[in-house]
Amino acid sequence: MHYFYALDISQPFVTLSNEESEHCVRVMRHREGDVVRVTDGCGHVAEAVIAEAHPKKCLLEIRETVTDNVLTHNGLHLAIAPTKNADRMEWLLEKAIEIGICSLTFLQCDHSERTHLNLDRFQRLAIAALKQSQTAWLPQLKMTTFQDFIKQNTDTQADKFIAWCDENNQKQLVNAPRNYPEMILLIGPEGDFSEAEIAMAREAGYTEVKLGARRLRTETAGLYGCLVAGL
């Protein structure tokens, strides 16, 4: 059954956005009476019948909320410095959504090679990945500086980790104790975090960890964190 996305599915009738309507009616060739599923990206899925198959404002009638096989997110708030090649971050975004993380923040760090991303494009890609994988969790996407991220999450109740290439630190993320259902994981740019950023994270209570025994690409490190958070 095809999945579609809408911001609010709590009402008896839901009108899909222009883009979603076009995908539903013109691309997937759905017609009145067809049964589809729609999600709000916040863990809710509903079964609906197409009441009006308009390519710009497709109207759905919500029949019932679906709870079977709707997975919860894995509690991970991933904050990662984007790579110079944006395609690699798009790949990570897709995999993170398939796994089901809470949020994905792109960090502007002292050693960052890329300080700008087209978040509108990333949002569209995120919705496409949400529908393709038929999951119910659309992570919040944003971009901010390392310093602002640390300050904004000072009071967040979560296990907080920072991964960086310190030869003297042998503490593995996979073995780190978990005290909260939520986890924040910081992953730096290809040039790693600066000493000032490491010091700031330490002061804010972040635990320094390694991600396995190998040196990983940035996007691979992000995927590793997504998988460990779900253990």
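A quick note: this is a predicted structure, and the numbers were derived from the prediction, not measured.

Colleague: Explain the nonpolar core to me, please; I cannot follow it from the model alone.
Modeller: A general trend in soluble globular proteins is that nonpolar side chains are found buried together. Ranked by internal contacts, the top residues of the largest apolar core, which has 35 residues, are L76, L78, I80, L104, L173 and L185. Among the elements of the structure, β6 (76-80), α2 (86-99), β7 (103-108), α3 (119-133), β9 (159-163), β10 (183-187) and α6 (218-229) are those that each provide at least two residues to this core. Of all the elements, α2 adds the most residues to this core, at 6 residues. Filtering out sequence-adjacent residues up to four positions away, L173 remains in contact with F161, M183, L185, V209, K210, L211, G225 and V228.

Colleague: Help me understand the layout of surface pockets in this model?
Modeller: In this approach, a probe sized like a water molecule rolls over the atoms, and the result shows the empty space that is left. Taken as a whole, the largest pocket holds about 470 Å³ of empty space. Considering the residues around the largest pocket, the lining is formed by 22 residues, among which W164, C165, D192, R215 and L216 are closest to the centre. Counted by class, the lining of the largest pocket contains 10 nonpolar, 4 polar and 8 charged residues.

Colleague: Whenever I open this one, α3 confuses me. Can you help?
Modeller: What sets the pattern is the α-helix's 3.6 residues per turn: residues three or four places apart point alike. Taking 1.5 Å of rise per residue, 15 residues should cover 21 Å, and α3 covers 20 Å from first to last C-alpha, within 8% of that figure. Listed in full, the buried residues belonging to α3 are F122, A126, I127, A129, L130 and K131. Contacts from the buried residues of α3 go to β1 (3-5), α1 (18-27), β3 (35-39), α2, β7 and β8 (140-145). Between the side-chain oxygen at the start of α3 and the backbone nitrogen of D120 there is a gap of 3.2 Å, and the oxygen is on N118.

Each value, and the rule that gives it
Residues numbered from 1 in each chain as written. Predicted model: local features only at pLDDT ≥ 70, side-chain atom pairs only at ≥ 80, totals over all residues. Heavy atoms only, no water. Core = buried A, V, L, I, M, F, W, Y, C linked by side-chain atoms within 4.5 Å. Buried < 20%, exposed > 50% of the residue type's maximum accessible area, 1.4 Å probe, protein only. Helix = DSSP H or I, 4+ residues; strand = E, 2+ residues; numbered from the N terminus. Contact = heavy atoms within 4.5 Å. 1 Å grid on protein atoms, 1.4 Å probe; cavity = no way out; pocket = protein on both sides within 12 Å on 5 of 7 lines; lining within 4 Å. Points joined across faces, edges and corners; volume = space filled by probe spheres on them. Nonpolar A, V, L, I, M, F, W, Y, C, P; charged D, E, K, R; others polar. Expected span 1.5 Å × (residues − 1). Polar contact = N/O pair within 3.5 Å; in protein donor to acceptor, adjacent residues only side chain to side chain.

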